[in-house]
Amino acid sequence: MVKEQKAIDKNNAVISIRGLQKAFGNLHVLRGVDLDVYQGENLVVLGRSGTGKSVLIKIISGLLLPDEGEVNVLGQEIAELKNRELMELRLKVGFSFQNSALYDSMTVRQNLEFPLVRNSRGLRRSQINNEVESVLDAVGLLQTIEQMPSELSGGQRKRIGIARTLILRPEIMLYDEPTAGLDPITCIEINHLINEVQQKYKTTSIIITHDLTCAKETGDRIAMLLDGQFAIQGTFDEVFASDDLRVQSFYNYNFTQ
Amino acid sequence: MDPNAENPNIPPQKYFISKKVDDFFFTIYTIYQFILRFFRELFIPPYEFKEIIRQCYEVGVNSLPLISLTGFITGIVFTSQSRPSLANFGATSWIPSLVSIAIVRALAPLVTALIAAGKVGSNMGAELGSMKVTEQIDAMEVSATNPFKFLVVSRIIATTCMIPILVMYTAFVALLGSFLNVHSNEQTSFVMFFSQVFDSLSFLDLFSSSFKSTVFGFTIGVVGCYCGYNSTKGTEGVGKAANSAVVAAMFLIFVEEIVIVSIVNAFR
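Please read all numbers here as calculations on a predicted model, not as lab measurements.

Once that is clear, we can look at the overall build of chain A. Per the secondary structure count, chain A includes nine helices and 10 strands. The globule rule puts the C-alpha radius of gyration for 257 residues at 18 Å, and the 18 Å found for chain A is close to it. Once the C-alpha set of chain A is aligned to its principal axes, its extents read approximately 55 × 45 × 40 Å. Looking at the 257 residues of chain A, the share that counts as buried comes to 43%. Put simply, of all contacts in chain A between residues at least 6 apart along the chain, 67% involve residues at least 24 apart.

Residue and element names in this part refer to chain A. With respect to the secondary-structure elements, Ile160 resides in helix α5 (residues 154-166). Overall, Ile160 belongs to the buried group, with 24 C-beta atoms counted inside 10 Å. Residues Ile160 and Val108, 52 residues apart in the sequence, show an inter-C-alpha distance of 7.3 Å. Apart from the residues lying within four places of it in its own chain, the contact partners of Ile160 are Ser100, Leu102, Val108, Asn111, Leu141 and Leu152.

In this section: the environment of Tyr15(B). Residue and element names in this part refer to chain B. Along the chain, Tyr15 turns up in the segment before α1 (19-42). Overall, the presence of 10 C-beta atoms within 10 Å leaves Tyr15 in the exposed class. Taking C-alpha positions, Tyr15 is 31 Å from Arg40, a pair spaced 25 residues apart along the chain.

What follows is about helix α3 (residues 108-119) of chain A. Buried residues of α3(A): Val108(A), Asn111(A), Leu112(A), Glu113(A) and Pro115(A), and no others. Buried-residue contacts for α3(A) involve α4 (125-138) and α5 of chain A.

The subject of this paragraph is the interface of chain A and chain B. The interface of chain A with chain B comprises 23 residues on the first partner and 15 residues on the second. At the level of elements, β1 (13-24), β2 (27-38), α2 (83-90) and α3 of chain A are the ones that each hand at least two residues to the side of chain A that touches chain B. Its residues assigned to classes, the side of chain A that touches chain B shows 10 nonpolar, eight polar and five charged.

Next up on the list: the sheet that holds β1(A). Strand pairing in a sheet takes place through backbone hydrogen bonds and is either antiparallel or parallel in direction. Residues and elements named next belong to chain A. One open sheet accounts for four strands, arranged β2-β1-β4-β5; its pairing is antiparallel. Whereas interior strands pair on both sides, the edge strands pair on one side only; in this sheet they are β2 and β5 (76-77). The pairing of strand β4 (residues 68-73) with β5 spans two bridges and is antiparallel. Counterpart to Val73 in the pairing with β5 is Gln76.

All names here are of chain A. Ordered by their spatial adjacency, six strands build an open sheet running β6-β7-β8-β3-β9-β10, and the pairing between neighbours is mixed. Each having just a single partner strand, β6 (93-96) and β10 (229-234) make up the two edges of the open sheet. Neighbouring strand axes in the sheet, compared pairwise and without regard to direction, differ in orientation by 20 degrees on average. In this sheet, strand β8 (residues 204-209) lies alongside strand β7 (residues 172-176) in parallel orientation, the contact comprising five bridges. Within the sheet, the bridge partner assigned to Tyr175 lies in β8 and is Ile207.

What counts as what
- Residues numbered from 1 in each chain as written.
- Chains lettered and ligands numbered in written order.
- Predicted model: local features only at pLDDT ≥ 70, side-chain atom pairs only at ≥ 80, totals over all residues.
- Helix = DSSP H or I, 4+ residues; strand = E, 2+ residues; numbered from the N terminus.
- Rg over C-alpha atoms; globule rule 2.2 N^0.38 Å.
- Buried ≥ 20, exposed ≤ 12 C-beta atoms within 10 Å, placed from the backbone.
- Contact = placed C-beta atoms within 7 Å.
- Nonpolar A, V, L, I, M, F, W, Y, C, P; charged D, E, K, R; others polar.
- Pairing = 2+ DSSP bridges.
- Axes fitted to C-alpha atoms, helices over the stretch in contact; angles between N-to-C directions.

Listed below in structure tokens is the structure:
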């Protein structure tokens, strides 16, 4: 599947980050990150393990607080939000976790109902069922509705995790390593799903990965995180045409191993 | 600003006394904050009634078989161990009074609380710890659900409400075990046995037992949830959370027992 080029409105940034810094103890993970993510685009953040990719999206979703810098999501400054306001913002920002983070003690149906019931009180049973079945159908796993997460494969868990996020109809999707630990065929399926979700639900996405195939298939724009800062941004071809040795070695490692 | 400079938001690693002592006081402070947050969230809607009822079932009904067996055996063993000493003074007729006071004042609350600390506390520590390390708690948070209210508040309410009920049940089962022992040795009737039991109990005994059980239940809930909710370091952390939930809860139960008994005895 060849990814079609989209027209991105660069005057409409839904996420805007300036001078973001984050450290854990003496380990400085993010050292002044600047980033704009525009309405409707799929931005892929590439980088080696431990470079702070996941930390970046955890800050965007309000799971972590920045040490310094501005993080503006859908016009709201994350660090300044009160608890109630942060909760409301989170309804618009979906987060798909690396290990899916499905609730072990609940069936697939209950996993999907959980955010819906809590955030749309007053919904009738039939409406809840329709919503659950609709998103499960969108990820192609309607048949697993009564199964427990432990009965699902890694790829299925990823899809269900994405479905649980989609049920709240977010404007922004954050994917943390969507293809990590999956076989190549399932990786391709997940990449297609990310593109389908973007087209069907008109979301803006940030995809955290170190899988270059995933980056190439899903990304409208690539941003490469090196040494706590974005070293280079652009299309896939622009980024890897760079002379930067760190970028080249990343490319070579992925495609020559 | 130079991004490579020392981060001003991270305090330098200096200790007031020593790392261990500082860590101990820091843990006390975080537990205090955890308890404060519980009381704050307790009164703020939405209320998770369904989850509270589910947790009450988990804590209460699922503990019944173990509690029944332990309570029954405690009653029998305590009665048969007391008999020889009382027989020396020809006072075996005092067995029901002695047993009832011992069971209601001390044995039932302690036995129930210790078993609940082992079963329920470790379960909470492991379950929440596992949810923490597999990012399930983060997943709740990003789906605009308050995980503290859903997971912690409901569990602490459940243990605080169910442990006193379990204690009453344990006391009844232990007295039943005691009655069977007394009946088989002294041919005492059921009515005679229980009238002696109730004659020897005062309101203060029942009140202190209920109060103590409520405190024990709250402690088991807080410690189990605190250890699980704050667990780190992957699967190793889950094991540690379950273990420390049991050890800390048992230790605190004994400390509380001593304190409450001292206070109640001052009123006796």
